[in-house]
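What the coordinates show
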Amino acid sequence: MHILRPHPHVALYYPMWSPERCRLLKADSEDECLQPPLSSQLRFSLPTSPPPQLVPDQREERCFPVPPASRVAATSSDRNFMNKHQKPVLTGQRFKTRKRDEKEKFEPTVFRDTLVQGLNEAGDDLEAVAKFLDSTGSRLDYRRYADTLFDILVAGSMLAPGGTRIDDGDKTKMTNHCVFSANEDHETIRSYAQVFNKLIRRYKYLEKAFEDEMKKLLLFLKAFSETEQTKLAMLSGILLGSGTLPATILTSLFTDSLVKEGIAASFAVKLFKAWMAEKDANSVTSSLRKANLDKRLLELFPVNRQSVDHFAKYFTDAGLKELSDFLRVQQSLGTRKELQKELQERLSQECPIKEVVLYVKEEMKRNDLPETAVIGLLWTCIMNAVEWNKKEELVAEQALKHLKQYAPLLAVFSSQGQSELILLQKVQEYCYDNIHFMKAFQKIVVLFYKADVLSEEAILKWYKEAHVAKGKSVFLDQMKKFVEWLQNAEEESESEGEEN
């Protein structure tokens, strides 16, 4: 068996071997250990030249061979030769970019000249204008030049940032067949609105661009004359009525510069008049509510004038009383939500009833809230202040105990017959919506009757005509005996009065 052992000189070519290991290998070879046999599978080629000089590494005690200078030169020349001749070469055929893939230059002036020429040829015939815009869309890039298109249709010229006309000095690059040059009457502006409607129905992708354009034009109101502002307001109102534009474009009117100079409020009045000429007040207010603008109408005025009274007077004098009433209702709803939140917090903290009464009366006086609005809020807050038992047989007892505690609070704000009826209806709706209270309705009404929260007149009126539809058959059946008792007691008292 042959033991393979490397030749001592082989260690010279392995710099990672330590000097101690090299010394041991050399000693073993001098002791005439078995030399590795020569075979075709494994051979050790011994260097014929003397071993290269070893250079110790200062960082670690290792020896590194120093290659001859001729070998270094040969290696570097070989490397340069290989780099020179082994660079990658691209092969194949170079194709030119297709015409359809080439980007066109942005040249709005060429688009402007074509559009102005077509509008001038069509003249005041808006049907011809609509046909021209319809047919030209296949040749002109409306998608790319949408801003230029709408600038010219509205103002007759391209507009610079701020609203100034770029071609104001060159009449050949402007057209008088636009909205700003039209007659200031509702029918004429409506005809122009039809042109926009047809154009956007034909090219649906212009819808978002037109919305952005109108927002931009509203920001530029200061650059337009009062007549041009009026025409733009009429156009906006008509397009809002037709559904071509969303109510969100009105957010541009809340800009500080427009509000401070009174432009925003004046423009809004003209716009709402044109809008209500197309749609009724309910439709207008519904659109405002969907766009979350119903609570921002006061922002049309400067901060020192942002009051409901000022808004109501301004819009009522302008013939828009419906909007004044709408804002009052919205403000009342907002006030009620704040009042309900504060009441809920006070009841959860178990504040004394006297303090709650004083607080509610102050809020009613400050916000001009009627008693009929407050009684419903009180009922809701009182019922939300408790975590109710889920067992039907126990919830009635829990409810009576809880309501008996707050009966004096409800009695203060149910001094009117209408307030009592509203409270009865609220109790009926609550018991219907919460199934565990279905059998407790009659007990709650009797409790309120004994605590002077409800009068017998209110209970009898509710029973005969003022009840709501929710679960009326169940609740009327529950109240039947009590109502009969009330009626008999009333008849007895009347007979005793006649005898006296």
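Residues numbered from 1 in each chain as written. Predicted model: local features only at pLDDT ≥ 70, side-chain atom pairs only at ≥ 80, totals over all residues. Heavy atoms only, no water.

- Going by what an unreviewed UniProt entry lists, the protein chain is known as eIF5-mimic protein 1 and is assigned to Bos mutus grunniens.
- Under the UniProt heading Sequence similarities (unreviewed entry), the entry covering the protein chain gives this text: "Belongs to the BZW family."
- Listed in UniProt under the heading Subcellular location (unreviewed entry), the comment for the protein chain reads: "Cytoplasm". (UniProt positions renumbered as here; feature names shortened; annotations may be inferred.)

**Section: the overall build of the protein chain**
- Along the protein chain, the regular secondary structure elements total 20 helices and 2 strands.
- Long-range contacts, defined as pairs at least 24 residues apart, comprise 68% of the intrachain contacts of the protein chain with a sequence gap of at least 6.
- For the protein chain, the exposed surface amounts to about 30,600 Å²; the carbon and sulfur share of it is 50%. (Helix = DSSP H or I, 4+ residues; strand = E, 2+ residues; numbered from the N terminus. Contact = heavy atoms within 4.5 Å. Areas by Shrake-Rupley, 256 points an atom, 1.4 Å probe, with all protein chains shown as cover.)

**Quick look at the pattern of salt bridges**
- Taken as a whole and judged by the stated rule, the model has 19 salt bridges.
- We note a salt bridge from Arg190 to Glu278, for which the minimum N-O separation is 2.7 Å. Here Glu278 lies in helix H10 (residues 263-278) and Arg190 lies in helix H6 (residues 186-202), a separation of 88 residues in the sequence.
- Given the relative accessible area of 27%, Arg190 is considered partly exposed.
- A salt bridge links Glu363 to Arg366; its shortest N-O distance comes to 2.8 Å. In this pair, Glu363 and Arg366 both sit in helix H14 (residues 353-367), 3 residues apart, roughly one turn of the helix. (Salt bridge = Lys/Arg side-chain N within 4 Å of Asp/Glu carboxyl O. Buried < 20%, exposed > 50% of the residue type's maximum accessible area, 1.4 Å probe, protein only.)

**Some points on the environment of Val374**
- With respect to the helices and strands, the residue Val374 is situated in helix H15 (residues 371-384).
- Judged by relative accessible area, Val374 falls into the buried class, the value being 0%.
- Put simply, Val374 and Gln340 are 34 residues apart on the chain and 9.0 Å apart in space, counted from C-alpha to C-alpha.
- Setting aside residues no more than four positions away along its own chain, Val374 makes contact with Val360, Met364, Leu369 and Phe413.

**Quick notes on the environment of Glu345**
- Along the polypeptide, Glu345 turns up in helix H13 (residues 321-348).
- For Glu345, a relative accessible area of 41% puts it in the partly exposed group.
- Taking the C-alpha atoms as reference points, Glu345 and Ala385, separated by 40 residues in sequence, lie 8.9 Å from one another.

**What to know about the packing of H15 against helix H16 (residues 392-412)**
- At a minimum axis distance of 11 Å, the contact between H15 and H16 shows a crossing angle of 165°. Between H15 and H16, the angle is such that the two are roughly antiparallel. Between H15 and H16 the crossing geometry is right-handed. In this structure, H15 uses Glu371, Ile375, Leu378, Trp379, Ile382 and Met383 to contact H16, whose residues at the interface are His402, Leu403, Tyr406, Leu409, Leu410 and Val412.
- Class assignment of the residues belonging to the contact of H15 with H16 gives a composition of 10 nonpolar, 1 polar and 1 charged. (Axes fitted to C-alpha atoms, helices over the stretch in contact; angles between N-to-C directions. Parallel < 35°, antiparallel > 145°, perpendicular 65-115°, else oblique. Left-handed = near helix turned anticlockwise from the far one by under 90°. Nonpolar A, V, L, I, M, F, W, Y, C, P; charged D, E, K, R; others polar.)

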